[in-house]
Amino acid sequence: MNSTPRSNRLHIGIFGKRNTGKSSLINALTSQEIALVSNIKGTTTDPVYKSMELLPIGPVVFIDTAGIDDEGKLGELRIKKTLKVLEKTDIAIILLSFESEDLEYEKSLIENIKKKNIPIIGVLNKVDKYNGSIKYLEQELNIKIYKTSIKTKDGIEKLKDEICKLKPYINDENPFIIRDKIKKNDVIVQVTPIDDSAPKGRLILPQVQTIREVLDGNGINIVVQDSELQKTIELFGDKIKMVITDSQVFGKIKDIVPNHIFLTSYSILFGRYKGDLLEFTKGIKEIKRLKKGDKILISEACSHHRQKGDIGRDKIPKFLQEISGVDLNFDWSSGNSIPEDISKYSLIVHCGGCMINRKEMVSRIKNASQKNIPIINYGIFLAYKHDILERALEIFPELN
Ligand code: SF4
């Protein structure tokens, strides 16, 4: 159950003032003691994640956040982290307490959540102590509110049902990596080089997930290293529908794969699955307009161990300077640490984002596009660099 990666789970953020029972609510929803529960205000500092299976939705992750009314310098930092969670939140639960004197914090949070089009559920906790009307609260906050008592467990099952009902309203525009392009018995060749940067004894997440989607579509997977691709094409020839490769060997294999066979990369597939291929293809046109000294942000959504010749640290900067023909300045970010102020950048180059959820990747793209900063991803860039971008996108005629 817990093997579904966090990035593939529906993210449910729990927000509210300190001491409203956020941690206890997660414990009640998951029937586990995961979040630290205490009566002392402000016990939760960094967001805490808890994965569970919520039927009929499937795998979800609850995010316990620090109170939105936290105080002091450290409190301010904690509130910032709480608000950052909104970038990955698919459903927001606002926990309210009848003991609250004013609703200003909640109003401002709800306004923020609505701007981001995140569905909201209001929950009034501790109704074992108070069971009056919630009409006033609903009118003030303009959201639907459900009553629960974590102590008596009243309303917890109803709350789970309400979360499940919201699933169809969540923007899941591209729920597939490749499943929608696969028909029964389609032969799909996947090229996964086993070089120094490949993890020992296993495949990486995008490869595993893509293999799984081909199986879901009753297609036929053939997984080879780039050194065996020529032989594979000789053996299976016209029976092959598509070759999916690690973008780093595009240059090496583009002439091996005949033109009538679709050729694309994991990174391009993830550009659609997690992000927005249209936005990335728009961004690529800006490379030729880069000027001497322009700042470029190279952003990776995880902090993996980097080898010599690393794609993000070495290859992409080198290729970008070659193509633009000017000296550029590079900054790097990894994991959750994308700079708050991105306005100084002339281009953002992002990895496939397999370790973050779609919501977070889309937030990053929207943030860049609202500031008129072009954004591209590794796969799109490497296809462009090897002069096969059009070909690598042929599998998505809907983009034209
Ligand atoms: S760098 Fe990006 S694409 Fe590569 S493994 Fe990390 S999150 Fe996934």
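What counts as what
Residues numbered from 1 in each chain as written. Predicted model: local features only at pLDDT ≥ 70, side-chain atom pairs only at ≥ 80, totals over all residues. Heavy atoms only, no water. Pairing = 2+ DSSP bridges. Helix = DSSP H or I, 4+ residues; strand = E, 2+ residues; numbered from the N terminus. Axes fitted to C-alpha atoms, helices over the stretch in contact; angles between N-to-C directions. Buried < 20%, exposed > 50% of the residue type's maximum accessible area, 1.4 Å probe, protein only. Parallel < 35°, antiparallel > 145°, perpendicular 65-115°, else oblique. Left-handed = near helix turned anticlockwise from the far one by under 90°. Contact = heavy atoms within 4.5 Å. Expected span 1.5 Å × (residues − 1). Domains from an automatic or database assignment.

(A) Quick look at the sheet that holds strand 8 (residues 220-224). A sheet is described by the order of its strands in space; here four strands give the open sequence 8-7-9-10, paired in parallel fashion. Here the strands that pair on one side only, and so sit at the sheet edges, are strand 8 and strand 10 (262-265). Averaged over all adjacent pairs, the angle separating strand axes in this sheet is 20°, with direction ignored. Sheet topology note: the strand 9 (residues 240-245)/strand 10 ladder contains four bridges and is parallel. If you follow V243 over to strand 10, its bridge partner there is L263.

(B) Here's a closer look at unusual backbone geometry. Positive phi is not limited to glycine here, since N19 has a value of about 65°. Within the fold, N19 resides in the loop between strand 1 (10-16) and helix 1 (22-30). Of note in the backbone geometry, D387 takes a positive phi value of approximately 65° without being a glycine. Among the structural elements, D387 can be located in the loop between helix 13 (378-385) and helix 14 (389-392). D387 gets classed as exposed once you look at its relative accessible area, which sits at 71%.

(C) Looking closely at the packing of helix 11 (residues 311-324) against helix 13. Axis separation between helix 11 and helix 13 bottoms out at 11 Å; the angle between their running directions is 45°. On the basis of the axis angle, helix 11 is oblique to helix 13. As for the relative orientation of helix 11 and helix 13, their crossing is left-handed in sense. Each of I311, G312, I316, F319, L320, E322 and I323 in helix 11 lies in contact with helix 13, whose residues at this interface are Y378, F381, L382, Y384 and K385.

(D) The arrangement of helix 6 (residues 205-216) in detail. Spanning 12 residues, helix 6 covers 16 Å between terminal C-alpha atoms, matching the ideal 16 Å at 1.5 Å per step. Listed in full, the buried residues belonging to helix 6 are L205, P206, Q207, Q209, T210, I211, E213 and V214. Among the structural elements, strand 7 (187-191), strand 8, strand 9 and helix 9 (266-274) are those in contact with the buried residues of helix 6. Positive backbone phi, at 55°, marks N218, one or two positions downstream of helix 6.

(E) Quick look at the domain arrangement of the protein. Domain annotation of the protein identifies domain 1 (6-169), domain 2 (179-270 + 395-399) and domain 3 (287-385). Spacing between the C-alpha centres of domain 1 and domain 2 amounts to 42 Å.

(F) Geometry of the environment of K344. Within the secondary structure, K344 is located in the loop between strand 12 (329-334) and strand 13 (347-350). Along the chain, K344 and K282 lie 62 residues apart, while their C-alpha atoms are 19 Å from each other. For K344, the residues in contact, after removing those within four places along its chain, are K295 and D331.

(G) The arrangement of the pairing of strand 4 (residues 91-97) in detail. Along strand 4, seven of the seven residues are buried, which leaves the element largely enclosed by surrounding structure. With six bridges joining them, strand 4 and strand 5 (residues 120-125) adopt parallel strand pairing. Following the sheet pairing, A92 is matched in strand 5 by I120.

(H) Expanded view of the sheet that holds strand 3 (residues 58-64). Judged by pairing direction, the sheet is mixed, and its six strands sit side by side in the order 2-3-1-4-5-6 without closing on themselves. Every other strand in the sheet has two partners, leaving strand 2 (48-54) and strand 6 (145-147) as the edge strands with one partner each. Averaged over all adjacent pairs, the angle separating strand axes in this sheet is 25°, with direction ignored. Inspection of the sheet shows strand 5 paired to strand 6 by three bridges, in the parallel sense. Residue L124 lies in a different strand from strand 6, and its bridge partner there is K147. Seen against the sheet, helix 1 touches strand 1, strand 2, strand 3 and strand 4 and runs at an angle of roughly 165° to strand 3. Each of strand 1, strand 2, strand 3, strand 4, strand 5 and strand 6 is contacted by helix 5 (residues 156-166), which is oriented at about 170° to strand 5, the strand it contacts most.

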